[in-house]
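# Tertiary structure, described
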Amino acid sequence: DSTVFGQEWARKMFETINHDFGSVARGAKAEHEFVLKNIYLEDVHIASVRSSCGCTTPRITKQWLKTYEKAAIVAHYNTGSFLGRKGATVTVTIDKPFYAQVQLHVTGDIRGDVVFTPGSVQLGSVDEGSVADRKVTVSHTGSSSWKILNAKIANPHISVKVLDQRRRGGRVSYDLLVHLDENAPAGYVKDHLMLATNDGRATQIPLLIEGRVVPSITVSPASLFMGVVASGKTVTKQLVVRGKRPFRILDVTCDDASFEFGVPTDDVPKLVHLVPVTFLAGKGTGKVIRTIRIQTDLGEKVPELVAYAVVAAP
């Protein structure tokens, strides 16, 4: 049955279809990315997403996916508008190459007695090698004995100080001082700081930390898909290399002679360089994945990127 095949075909692209937010503070930013990857040769088109409950608002990060490309269905939990135990089913509709629907499930408990101000730690864009400091206030109403026992995070480059600010009349207030150190690697930061409390109802409350550590030189796209290429044929794509100050590209390398690069030869420092990448498909068929490395005259590390292609029979 083609309909059943289409449903199962779509489900296999998702890493997971269930997520529990746990106990979250009122007004806290709570989002989960349901990641999917096109593991097939045909292009996939995500037509729409809808939620069964207003407590969750879904969005699509990318509607068209070529082979091996990834996207995410982001489920935003509306903690500012709802309270208590809430759950939703997010229906993802795919219309190409087959019609299919995949149902994703979220649940959680939105607490009215704990409030974060602001609702998350927004680091913003931080230059690589720099530090960032942010403050979030945690407020609790109902008991003056409520305590934050500790704050933990898996990211070794983020630390936090917990300061007890107020404890009076059934109200408790803490300041959380969040610090990103200068050794944080380039890339996106998305972590949860877990607050351990003495509250038996919810001993763990997450606080979202988001931002991006921006390298001196960036390369786009971050991963380069050369396409489905017939054996013996060539295809050329382009990389865009940007810097915060003018620079020269000295060399572009890859451990595979099937990839050739148009290294700029004008020897003029520029803020932006365009680098053509040509791939020659060999005799063997299947997936080809290689790492591309770029060397500049700035002496600073340039993020490596992955180039990949699918070699098909001629």
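Each remark here, short or long, concerns the structure printed above.
Below you will find a few notes about this structure. (Residues numbered from 1 in each chain as written. Predicted model: local features only at pLDDT ≥ 70, side-chain atom pairs only at ≥ 80, totals over all residues. Heavy atoms only, no water.)

### Section: the side chain of Thr-79
As for its position among the elements, Thr-79 is in the loop between strand S6 (70-77) and strand S7 (84-96). Here Gly-27 takes part through its backbone nitrogen, which lies 3.3 Å from a polar atom of the side chain of Thr-79. Within the structure, the side chain of Thr-79 is placed 2.5 Å from the backbone oxygen of Ala-28, a separation counted as a polar contact. Other than its neighbours up to four places away in sequence, Thr-79 contacts Val-24, Ala-25, Arg-26, Gly-27, Ala-28, Ala-30 and Ile-110. (Helix = DSSP H or I, 4+ residues; strand = E, 2+ residues; numbered from the N terminus. Polar contact = N/O pair within 3.5 Å; in protein donor to acceptor, adjacent residues only side chain to side chain. Contact = heavy atoms within 4.5 Å.)

### Looking at the pattern of salt bridges
In this structure the tally under the stated criterion is 19 salt bridges. Across the pair Arg-111 and Asp-199 runs a salt bridge whose closest N-O atoms are separated by 2.5 Å. Pair noted here: Arg-111 is in strand S8 (residues 100-117) and Asp-199 is in the loop between strand S14 (187-197) and strand S15 (204-214), with a separation of 88 residues, a long-range link. Each member of the pair, Arg-111 as well as Asp-199, carries the same accessibility label: buried. Of the charged contacts, one joins Asp-256 and Arg-290 as a salt bridge, the two residues approaching to 2.7 Å between their closest N and O atoms. With Asp-256 in the loop between strand S19 (249-254) and strand S20 (259-261) and Arg-290 in strand S22 (residues 286-296), the pair connects residues that are 34 residues apart, well separated along the chain. Because the salt bridges share partners, they merge into one network encompassing Lys-29, Glu-33, Lys-190 and Glu-210. (Salt bridge = Lys/Arg side-chain N within 4 Å of Asp/Glu carboxyl O. Buried < 20%, exposed > 50% of the residue type's maximum accessible area, 1.4 Å probe, protein only.)

### Regarding the sheet that holds strand S2 (residues 30-37)
One open sheet accounts for three strands, arranged S2-S6-S4; its pairing is antiparallel. The open sheet has two edge strands with one neighbour each: S2 and strand S4 (56-60). Going from strand to strand, the sheet's axes swing by 20° on average, the running direction of each strand aside. As paired strands, S4 and S6 are joined by five bridges and run antiparallel to one another. Pairing of Thr-56 across the sheet is with Tyr-77, part of S6. (Pairing = 2+ DSSP bridges. Axes fitted to C-alpha atoms, helices over the stretch in contact; angles between N-to-C directions.)

### Some remarks on the sheet that holds S19
One open sheet accounts for four strands, arranged S17-S23-S22-S19; its pairing is mixed. The two strands at the open ends of the sheet, each matched to only one other strand, are strand S17 (223-230) and S19. Strand-to-strand twist in this sheet, taken as the mean axis angle between neighbours without regard to direction, amounts to 20°. In terms of strand pairing, S17 meets strand S23 (residues 305-312) through seven bridges, oriented parallel. Opposite Val-229, over in S23, you have Val-311 as the bridge partner.

### Re the layout of surface pockets
Of the voids in this model, the largest pocket is the one considered here, and its volume is about 670 Å³. Along the wall of the largest pocket there are 20 residues; nearest its centre are Gly-187, Tyr-188, Arg-212, Val-219 and Ala-222. Of all the secondary structure elements, the ones that give two or more residues to the lining of the largest pocket are S6, S14, S15, strand S16 (217-220) and strand S18 (234-247). Top element by residues in the lining of the largest pocket is S16. It accounts for four residues. Looking at the lining of the largest pocket residue by residue, the class counts come to eleven nonpolar, three polar and six charged. Taken as a whole, the second largest pocket holds about 170 Å³ of empty space. Considering the residues around the second largest pocket, the lining is formed by 17 residues, among which His-19, Phe-21, Glu-31, His-192 and Pro-206 are closest to the centre. The set of elements that each furnish at least two residues to the lining of the second largest pocket consists of strand S1 (18-26), S2, S14 and S15. (1 Å grid on protein atoms, 1.4 Å probe; cavity = no way out; pocket = protein on both sides within 12 Å on 5 of 7 lines; lining within 4 Å. Points joined across faces, edges and corners; volume = space filled by probe spheres on them. Nonpolar A, V, L, I, M, F, W, Y, C, P; charged D, E, K, R; others polar.)

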